[in-house]
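# Observations on the three-dimensional arrangement
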Amino acid sequence: MSRVVVTGRIPEAALEKLRAEHEVDAWTGQDSIDRDELLRRVAGADAIVSLLTERIDGELLDAAGPQLRVVANVAVGYDNIDVPACRERDVVATNTPGVLTEATADIAFGLILMATRRLGEGERLIRSGTAWKWGMFFLLGSSLQGKTLGVVGMGGIGQATARRAKAFGMEVVYQSRSEIDPAVAEELGARRVELDELLSVSDVVSLHCPYGPATHHLIGAEQLAAMKESAYLVNTARGPIIDEEALAAALRAGLIAGAGLDVYEHEPRVHPDLLDLDNVALVPHLGSATVETRTAMATLAADNAIAVLARQEPPTPIR
Ligand code: GLV
Ligand code: GLV
């Protein structure tokens, strides 16, 4: 039996899996665990099952001790984990790719529709009690058919978003560090371009790249200025990929038509200027937030932890 520390509340199915084989110490508070409490709890842990709200760095790994074997993140993004610090200590780090792909692409497309069809504005209008009626020119948005979606980061989630765009009659261009499966590119009729071209030809730009030093403020004032004035920007990846201050300025100045955000640069804080703008749809990091998806993510994280503790190859290690 090994000791497994779970840093926050996760679905019962995953806890049961862990408890069947190991001693589990799970934080059950409604709020995130505070740092000092976490540093105390991890002492003596063989495995840590972490949420993206917890920073897993050298200090925390050392607080756990040299017996620590695995950090299993319940998220596909792992910018909360210092992966080199794990490697230096022979700790395996894992994430949860694949299982949240469709749910996240659904939210990306939901935000595309919210932004282009002004759904949030319409909802706020009705709830405000303002009188309204159907009108030829009332709350007109922008159609998607025949328009171009630019996907930044063509991994699983980018591809799933592109597939939805195709069903909506959109053309797809994408920017990607690595070559994608040619069969997928062909199925989607997607053309690979550089970021500059993507920004200038896209009617909707959707971000699906990982966050790290290479993508910090990937979209700033210059990139926003390169977009069409009629274009929309959607982010379901990580907040700091966008310079939020520059985005608020661009939205206010009409440099782009609108935006849809699920993630924020200083999450959970939202830039106050964005809150005052009507042409941005704001939702609170809901990309993977379905019962089915969160259960699958937590179960995969549990499988990763259990495999490493059994000295087996985990299903989804971070490479
Ligand atoms: C959610 O944001 C994730 O990375 O899984
Ligand atoms: C998600 O599953 C991804 O790997 O992009």
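Residues numbered from 1 in each chain as written. Chains lettered and ligands numbered in written order. Predicted model: local features only at pLDDT ≥ 70, side-chain atom pairs only at ≥ 80, totals over all residues. Heavy atoms only, no water.

## A few points about the UniProt feature "domain: D-isomer specific 2-hydroxyacid dehydrogenase catalytic" (unreviewed entry) in the chain
- Residues annotated in UniProt with the feature "domain: D-isomer specific 2-hydroxyacid dehydrogenase catalytic" (unreviewed entry) correspond here to residues 4–318.
- In this annotation, residues 4–318 is assigned 38% helix and 14% strand; the end-to-end C-alpha distance for the span is 19 Å. (UniProt positions renumbered as here; feature names shortened; annotations may be inferred. Helix = DSSP H or I, 4+ residues; strand = E, 2+ residues; numbered from the N terminus.)

## Some details on the pattern of salt bridges
- Applying the stated criterion across every chain, the model contains 23 salt bridges.
- The closest approach of N and O atoms between R164 and D106, which form a salt bridge, is 2.8 Å. One end of the pair, R164, is in helix α7 (residues 156–167); the other, D106, is in helix α5 (residues 101–117), with 58 residues separating them in the sequence.
- Taking the relative accessible area as the measure of exposure, D106 reaches 43% and is therefore partly exposed. (Salt bridge = Lys/Arg side-chain N within 4 Å of Asp/Glu carboxyl O. Buried < 20%, exposed > 50% of the residue type's maximum accessible area, 1.4 Å probe, protein only.)

## A closer look at the site of ligand 1
- Around ligand 1, the neighbouring residues are L52, A75, V76, G77, L100, R238, H285 and M297.
- A distance of 2.8 Å separates an oxygen atom of ligand 1 from a polar backbone atom of V76.
- Between an oxygen atom of ligand 1 and a side-chain N or O atom of H285, the distance comes to 2.7 Å.
- Considered on its own, ligand 1 offers 190 Å² of accessible surface; in the complex 90% of this is hidden by protein.
- Taken together, the residues that form the shell around ligand 1 break down as five nonpolar, two polar and one charged. (Near = heavy atom within 4 Å. Polar contact = N/O pair within 3.5 Å; in protein donor to acceptor, adjacent residues only side chain to side chain. Areas by Shrake-Rupley, 256 points an atom, 1.4 Å probe, with all protein chains shown as cover. Nonpolar A, V, L, I, M, F, W, Y, C, P; charged D, E, K, R; others polar.)

## Some remarks on empty space enclosed by the protein
- Evaluated as defined, the whole model comprises one cavity of 30 Å³ or more.
- Considered as a void within the structure, the largest cavity measures approximately 30 Å³ in volume.
- Around the largest cavity sit G239, I242, E244, L247, L261 and V263, which together line it.
- Tallied by class, residues from the lining of the largest cavity come to four nonpolar, one polar and one charged. (1 Å grid on protein atoms, 1.4 Å probe; cavity = no way out; pocket = protein on both sides within 12 Å on 5 of 7 lines; lining within 4 Å. Points joined across faces, edges and corners; volume = space filled by probe spheres on them.)

## Re the site of ligand 2
- Taken together, P97, G98, T101, G155, G156 and I157 form the complete shell of residues around ligand 2.
- T101 is positioned such that a nitrogen or oxygen atom in its side chain is 2.6 Å from an oxygen atom of ligand 2.
- Residue G156 places a main-chain N or O atom 3.1 Å away from an oxygen atom belonging to ligand 2.
- Grouping the constituent residues of the shell around ligand 2 by class yields two nonpolar, four polar and no charged.

## Some points on the sheet that holds strand β11 (residues 258–261)
- Strand order across the open sheet formed by seven strands is β8-β7-β6-β9-β10-β11-β12, with parallel pairing between neighbours. Of all the strands in the sheet, just β8 (191–192) and β12 (280–282) have a single pairing partner and so form its edges.
- With five bridges connecting them, strand β6 (residues 148–152) and strand β7 (residues 171–175) associate as parallel partners. Paired with L149 across the bridge in β7 is V172.
- In this fold α5 packs onto β6, β9 (204–207), β10 (232–235), β11 and β12, with an angle of close to 150 degrees to the strand it touches most, β10.
- In this fold helix α11 (residues 244–253) packs onto β10, β11 and β12, with an angle of close to 145 degrees to the strand it touches most, β11. (Pairing = 2+ DSSP bridges. Contact = heavy atoms within 4.5 Å. Axes fitted to C-alpha atoms, helices over the stretch in contact; angles between N-to-C directions.)

## Overview of the packing of aromatic side chains
- According to the stated counting rule, one finds two aromatic pairs in the structure shown.
- Relative to F168, the ring of F109 has its centre 4.6 Å away and its plane inclined at 35 degrees; by these criteria the two rings are tilted. One end of the pair, F109, is in helix α5; the other, F168, is in the loop between α7 and β7, and 59 residues separate them in sequence.
- Classification of F168 as partly exposed rests on a relative accessible area of 32%.
- Seen from their ring centres, W132 and F138 are 6.3 Å apart, and the 10 degrees between their planes marks the pair as stacked. (Phe/Tyr/Trp six-rings, centres within 6.5 Å; stacked < 30°, edge-to-face > 60°.)

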